[in-house]
Amino acid sequence: MGKRVATGVVSGALLAVFSLAAQQPAQNDSKPKTGTIGLYRNQPLAPDGPAPKMADGTPDLSGVWLGGGGNDADISNPRGLKPGEQVVMLPWAEDVVKNRLSKQDPEANCLPTGIPRGSPYPWRIVQTPTHYFILFEGNIHSFRQIFMNGKHPDDPDPTWYGNSIGHWEGNTLVVDTVGFNDKFWFDYKGHPHTEKLHTIERYTRTDLGHMTIEVTIDDPGAYAKPFTTAGKATLMPAAELLEYICQENNQDLQKLEGPARGPGGQ
Amino acid sequence: MRPLLSIATACMVWMASGLPALAHHSGAAEFDSHKKIDLSGVVTKVEWTNPHAHFYMDVKDSSGNVTNWNLELASPNVLIRNGWHRNSIKAGDMVSVTGIQAKDSSYYGNASVITFPDGHKLNFLSADEPAK
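Residue numbers here run from 1 along each chain, matching the order of that chain's written sequence. For naming, the first written chain is A and the first written ligand is 1, with later ones following in the order written. Owing to the predicted nature of the model, reporting of local features is limited to residues with pLDDT of at least 70; listing and counting of side-chain atom pairs is limited to 80 or more, with chain, interface and lining totals taken over all residues.

1. Quick notes on the sheet that holds strand S8 (residues 172-178) of chain A
Residues and elements named next belong to chain A. Strands are labelled as partners when DSSP assigns at least two bridges between them. Helical segments are the DSSP runs of H or I of at least four residues, strand segments are the runs of E of at least two, and each set is numbered from the N terminus. Around the barrel, which closes on itself, the nine strands sit in the order S3-S4-S5-S6-S7-S8-S9-S10-S11 with mixed pairing between neighbours. Across the sheet, the mean angle from the axis of one strand to that of its neighbour is 30°, orientation sign disregarded. By the bridge criterion, three bridges tie strand S6 (residues 143-148) to strand S7 (residues 163-169) in an arrangement that is parallel. By the bridge assignment, phenylalanine 147 is partnered in S7 with isoleucine 165. Between N-to-C directions, angles cover 0 to 180 degrees, with each direction set by a line fitted to C-alpha atoms, over the stretch in contact for helices.

Written out as structure tokens, the structure is:
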């Protein structure tokens, strides 16, 4: 008798599962399972769903993402800024932008992009209780480390990615970075910065497949006032990072001519 | 959508202007969208490398003179995700190539579309048929 009950329960459960499975395709028909993400075609897309959390309730940002924090061609483009924000350069910085050449762009020289400039290549967040790592596929094949709940050193050496400490404000990871060198450009146009640069990034996973990224850029050495960019990233749920060693065969550099400008000349 | 917008915008610019949406440098600073190239010949070498894959091809002119062209593609990470394989093009292949030439007018170009004798095509970013 007990066996029959158990069989009946199992059968009922299987029936329920099959019924649910039968309903699933109809529910998902409206959303394509693959699509274009950035440059990449026919990519599996994240299903609809809420932003996941770790076992302790911390938002889980881990995964392979594509996107970034601002407009890489021109950081002053309003499409890459929070509404109402404006990039106001000091006069020397304006001169620098006018005179920079494409061949001088650190990115064209296979050097890091700093913050917040991105690339068309995916990157992965690896999340641990003490450190977050951002692994960049390109450009260049490098990484950032964010020390959770840490403290900036008193006199950090100036570096390409600076010294980053993170904390949570609700569901938003806030990353505070100082200690930058003045070498990277914010964009293809050549917007400069100084070692006084201080960035505050705000990463919010809004659902399973999407994240907003806002970056406040405060550099009194080059800009009249702070400004905040607004960007977004999309999860590439089936992607793994591939190797991209930019220095391997960079024939382009010697061919670049003319003033610094965006990929399509903008 | 903004960072993706910038990528999408770059793609649109690429498609509209013939200039490549390149990651690590400005395509407009390297290639002249007005210098169209249309080449046929034999592939002599393939470099499956970063920041760009390249292939080289011998092109014979009407006088019988042979010029070796160096043609650029996207990077292997982009090509692989878009259906290319490292052997999709190889030395000895007969191909026709349309694209644009470097600003310095050297035998260096950007391969927009590669057509094989059986009619199948590859393009700068992907192994898909180019949009008509």
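2. Observations regarding the environment of asparagine 171 of chain A
Residue and element names in this part refer to chain A. Along the polypeptide, asparagine 171 turns up in the loop between S7 and S8. Judged by local crowding, asparagine 171 falls into the partly exposed class, with 14 C-beta atoms found within 10 Å. Residues asparagine 171 and arginine 205 lie 34 residues apart in sequence; the distance between their C-alpha atoms is 7.6 Å. The contact rule is simple: place each C-beta atom from the backbone, and if two of them lie within 7 Å, those residues are in contact. Setting aside anything within four residues of it in sequence, one finds asparagine 171 in contact with Ala51, Pro59 and Thr204. Note on burial: count the other C-beta atoms lying within 10 Å of the residue's C-beta; 20 or more is buried, 12 or fewer is exposed, in between is partly exposed, and C-beta positions come from the backbone.

3. Observations concerning the pairing of strand S2 (residues 40-44) of chain A
All names here are of chain A. Direction of pairing for strand S1 (residues 34-37) relative to S2: antiparallel, over a ladder of three bridges. By the bridge assignment, threonine 34 is partnered in S2 with proline 44. A loop of two residues connects S1 with S2, the two strands running antiparallel in sequence, and glycine 38 in this loop sits at a positive phi of about 60°.

4. Remarks on the interface of chain B and chain A
Across the boundary between the two partners, chain B contributes 42 residues, which contact 49 residues of chain A. Looking at the side of chain B that touches chain A, the elements that each hand over two or more residues are helix H1 (2-17) and helix H2 (76-81) of chain B. Looking at the side of chain B that touches chain A element by element, the count peaks at eleven residues for H1 of chain B. Residue composition of the side of chain B that touches chain A, by class: 21 nonpolar, 14 polar and seven charged. Residues are sorted three ways: Asp, Glu, Lys and Arg are charged, Ala, Val, Leu, Ile, Met, Phe, Trp, Tyr, Cys and Pro are nonpolar, and all the rest, Gly among them, are polar.

5. Description of the confidence of the model for chain A
The quantity known as pLDDT measures the predictor's confidence residue by residue, on a range of 0 to 100. Across chain A, the average pLDDT comes to 90, with 89% of residues at or above 70. Considering only residues more than four positions removed or in separate chains, one finds that residues 1-27 of chain A, a stretch of pLDDT under 50, has zero contacts.

6. Some words on unusual backbone geometry
All names here are of chain A. With an omega of 5°, the peptide bond running from isoleucine 115 to proline 116 counts as cis. Even without a glycine there, the phi angle at cysteine 110 is positive, about 65°. Within the element layout of this structure, cysteine 110 appears in the loop between helix H2 (91-99) and strand S4 (123-127). Positioned with a positive phi, asparagine 149 is a non-glycine residue whose angle comes to about 55°. As for its position among the elements, asparagine 149 is in the loop between S6 and S7.

7. Focus: the environment of lysine 121 of chain B
With respect to the secondary-structure elements, lysine 121 of chain B resides in strand S6 (residues 121-123). Spatially, the C-alpha atom of lysine 121 of chain B lies 16 Å from that of methionine 57 of chain B, the residues being 64 residues apart in sequence.

8. Topic: the pairing of S8 of chain A
Residue and element names in this part refer to chain A. On S8, burial follows the alternation: Leu173, Val175 and Thr177 on one face are buried, whereas Thr172, Val174, Asp176 and Val178 on the facing-out side are not. Linking S7 back to S8 in an antiparallel pair, the connection comprises two residues, with glycine 170 at a positive phi of about 65°. Relative to strand S9 (residues 198-207), S8 is paired through six bridges, and the arrangement is antiparallel. Directly across from valine 175, in S9, lies its bridge partner glutamate 201.

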